[in-house]
Amino acid sequence: MNSSIWIEVAVIAVVTFALYFSFTRILPRLTRRTNSDFDDFLFKSLSEFVLPAGVTFAVAVAAQDLGLPAKALTGVDVFTSVVFVVLGVRLVNAITGRFLKGLARRTADDDMQMLLASAMPLLRSVVWLLGGLICLQRFGVPMTAVFTAIGGAGFGLAFALKEPLSELFAYVMILLDKPFRVGQFINVGSVWATVEKIGVRSTHLRNLRGEVIVMNNTMLTNSEIANFADMAQRRMIYRIGVTYSTGVGLMREIPSMIESIISSEDHVRFDRCHFVEFADSSLNFEIVYYIDTRDYGIALNAQQNINLEIMQTFSDRGIEFAFPSQTLYLEKSASDEVS
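Residues numbered from 1 in each chain as written. Predicted model: local features only at pLDDT ≥ 70, side-chain atom pairs only at ≥ 80, totals over all residues. Heavy atoms only, no water.

Strand order in the open sheet made by the three strands is β6-β8-β7, with antiparallel pairing throughout. Two strands lie at the open edges of the sheet, namely β6 (234–242) and β7 (268–278), each paired on one side alone. Averaged over all neighbouring strand pairs, the angle between strand axes comes to 20 degrees, with direction disregarded. The pairing of β6 with strand β8 (residues 283–291) spans nine bridges and is classified as antiparallel. (Pairing = 2+ DSSP bridges. Helix = DSSP H or I, 4+ residues; strand = E, 2+ residues; numbered from the N terminus. Axes fitted to C-alpha atoms, helices over the stretch in contact; angles between N-to-C directions.)

Pasting the structure below:
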């Protein structure tokens, strides 16, 4: 056996262990002064790459000098290429994943972290695909045929997965555009509900009755969404009607009655109350006030208390609420009066 083989292997071993020692002992001491832990992770990942890469390289170098048959050398070459590609792909995936997670964490955006967690399997798959193409090219496979096959398969796969891909795209749009977040109260069409979960394909909502409603992400992105989470206050505006038999004196007092009722309620700020309309069967007042809360339940409780107090006060003062009605007036003729 040629002594140069041992020299080459020894040199590779020395270099490998020197790099390993640097990544595990020397460089980490220097990075302790930094605030980031990414450099520590980087050196740890490189130390895990160096040892198997050094052993594989030593085997490949030794095989070239041992005078092995052509088939054996081909097998060693294939083995070496596969090992280096696998090690390289794992290293790239580990470093890229940690780097992107660090970026998302520094943004302090939960939606961005969720998006990254959902996209990481796809990113890893892309790196593995590139590694596989490198292996095929290393083995002499015609890349034109490979790319043609990948293009045809990709077209067929995209057609078959048209709906899931559209849902995934809608999911990404929701996370980036942020029309709503988990825990916020929204209105979509006839649905009034709190967002419980934003999934890759669908979003889970819980309505006011406690039922879980599952809506496709594409349906949400194509609909008009009312988000009540960012409301500093809620503006309540509605009308009540009293009967035409209500006297002018009571009509003048009604706005101050309602103002007193609204002003006594917590979280509520009175704005106005006016007699606005002579309707067909009622004398209508328009009421406007603000509720300084984002909680829909608290707002409904306040509105309910105000409505009940209005009913009680009107009842005590003898004021009647109007309802749709018609009064028929018959004029007597002269013949009727004679008879």
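Still more to cover.
Turning our attention to the sheet that holds strand β4 (residues 212–216). The strand order across the open sheet built from five strands is β4-β3-β2-β1-β5, with neighbouring strands paired in antiparallel fashion. For this open sheet the edge positions go to β4 and β5 (225–227), each flanked by a neighbour on one side alone. The mean angle between the axes of side-by-side strands here comes to 40 degrees, regardless of whether they run parallel or antiparallel. Relative to strand β3 (residues 202–207), strand β2 (residues 191–198) runs antiparallel, the two being bridged by five bridges. Looking at the pairing, Ala193 lines up with Asn207 of β3.

As a further point, take the pattern of salt bridges. This model, assessed by the stated rule, comprises eight salt bridges. Salt-bridge contacts for Arg239 lead to Glu277; the nearest nitrogen and oxygen are separated by 2.9 Å. Of this pair, Arg239 sits in strand β6 while Glu277 sits in strand β7, and the two are 38 residues apart along the sequence. Salt-bridge contacts for Arg239 lead to Glu286; the nearest nitrogen and oxygen are separated by 3.3 Å. In this pair, Arg239 is assigned in strand β6 and Glu286 in strand β8, connecting sequence segments 47 residues apart. (Salt bridge = Lys/Arg side-chain N within 4 Å of Asp/Glu carboxyl O.)

Taking 1.5 Å of rise per residue, the 16 residues of helix α8 (residues 248–263) would be expected to cover 22 Å, and the 24 Å separating its terminal C-alpha atoms lies within 8% of that figure. Among the residues of α8, Met251, Ile254, Met257, Ile258, Ile261 and Ile262 are the ones counted as buried. The elements touched by buried residues of α8 are β6, β7, β8 and α9 (296–317). (Expected span 1.5 Å × (residues − 1). Buried < 20%, exposed > 50% of the residue type's maximum accessible area, 1.4 Å probe, protein only. Contact = heavy atoms within 4.5 Å.)

Another aspect to go through is the pairing of β4. With five bridges connecting them, β3 and β4 associate as antiparallel partners. Note that in β4 the partner of Ser202 across the bridge is Asn216. Linking two consecutive strands that pair antiparallel, namely β3 and β4, is a turn of four residues; a positive phi of about 95 degrees is found at Gly210 within it.

In this section: a nonpolar patch on the surface. Among the surface-exposed residues, Val78, Val82, Val86, Trp128, Leu136 and Phe139 lie close enough to one another that they form a single nonpolar patch of about 430 Å² accessible area. Only α3 (70–107) and α4 (110–138) provide two or more residues apiece to the nonpolar patch. Inspection of the secondary structure puts Val78 in helix α3. (Patch = residues over 30% accessible without salt bridge, like charges linked within 9 Å, V, L, I, M, F, W, Y side chains within 5 Å. Areas by Shrake-Rupley, 256 points an atom, 1.4 Å probe, with all protein chains shown as cover.)

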